[in-house]
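Structure assessment
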Amino acid sequence: MINTCNTCGEYRPEKLVNQARSVVICPVCQQVQPFRFLPLLIVCGPSGVGKSTACAQLAGTIPEAVLLEGDILWQPAFNQPETLYRTFFETWLRLAKNISQSGRPVVLFIAGGIPENIEPCVEVHYFAKVCYLALICEEAVLRERLQQRPAWRMSSQAAFMDQQVRFNQQLLDRANTMQPPVDLLDTSTRSVAQAAHEVAAWIRKALC
């Protein structure tokens, strides 16, 4: 409901933000509303690298944050690659923004959550900062993991595997030059417990 002004009733996601004063301002009537500007942490990466597994492992173990799996909101209407899935990401950022008003930041585990998809979003301005961690792995390992998934997920289809491999390589090649830069964690030889431990360490460091 933050996007709806309590005074004039206008719906404006592009409210004026003043982090120094911890307020957002309605651009229509200038109503000032107190607001918590908290960090948003994003764990991204191709299918098969362990995002959902890490999220499940860490659920309930980091009380200072709210951990959410990005796939829970996915529906066919969001499948708009020509817009870089803008509506999907705006929806997630709006939800994270509202959750953060409870006083706890959100850690979002979401495949395509790289800066070029997140930073152009209107809702990104409501966070104190956005930090990115990409899980990656060796190509052979990634292909094997996708091949071993249940048939109903259709992860073993050649086109899908090739797409995930390209995304994995993109992160390896460009993580340091993305704006902001993306941290990397290679899960190729790490156990589920080890990977989750390192993701937790990254979360706590980013929240400091």
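Scroll up for the structure.
Below: a short report on this structure. Since the structure is predicted, the reported quantities are computational estimates derived from the model, not experimental observations.

To continue, consider the pattern of salt bridges. Close approach of charged atoms lets side chains of opposite charge pair. Scanning all chains against the criterion turns up nine salt bridges. Where E123 meets R94, a salt bridge forms, and the shortest distance between an N and an O atom there is 3.9 Å. Note that E123 is positioned in the loop between α3 (115-118) and β7 (130-136) and R94 in helix α2 (residues 86-100), a separation of 29 residues in sequence. The buried category is assigned to E123, whose relative accessible area is 2%. For E123, the salt bridge is made with K97, and the minimal N-O distance between the two is 2.7 Å. Of this pair, E123 sits in the loop between α3 and β7 while K97 sits in helix α2; the two residues are 26 residues apart in sequence, bridging distant segments of the chain. Judged by relative accessible area, which is 0%, K97 ranks as buried. In this structure, a network of salt bridges that share partners links the residues R94, K97 and E123.

All right, on to α2 then. If you check α2, its first and last C-alpha atoms are 21 Å apart, about what 15 residues at 1.5 Å a residue would give, namely 21 Å. When we look at burial in α2, the residues that qualify are F88, F89, E90, T91, W92, L93, A96, K97 and S100. Of the surrounding elements, those touching the buried residues of α2 are β4 (40-44), β5 (66-69), β6 (106-109) and α3.

Quick look at the packing of helix α4 (residues 139-147) against helix α5 (residues 158-174) now. The geometry of α4 relative to α5 is characterised by a closest axis approach of 10 Å and an angle of 145 degrees between their N-to-C directions. In the packing of α4 onto α5, the handedness of the crossing is right-handed. Residues E139, L142, R143, L146 and Q147 of α4 lie in contact with α5, whose contacting residues are F160, M161, D162, Q164, V165 and N168. Among the residues making up the contact of α4 with α5, the classes are represented as five nonpolar, three polar and three charged.

Reading guide: rules and limits
- Residues numbered from 1 in each chain as written.
- Predicted model: local features only at pLDDT ≥ 70, side-chain atom pairs only at ≥ 80, totals over all residues.
- Heavy atoms only, no water.
- Salt bridge = Lys/Arg side-chain N within 4 Å of Asp/Glu carboxyl O.
- Helix = DSSP H or I, 4+ residues; strand = E, 2+ residues; numbered from the N terminus.
- Buried < 20%, exposed > 50% of the residue type's maximum accessible area, 1.4 Å probe, protein only.
- Expected span 1.5 Å × (residues − 1).
- Contact = heavy atoms within 4.5 Å.
- Axes fitted to C-alpha atoms, helices over the stretch in contact; angles between N-to-C directions.
- Left-handed = near helix turned anticlockwise from the far one by under 90°.
- Nonpolar A, V, L, I, M, F, W, Y, C, P; charged D, E, K, R; others polar.

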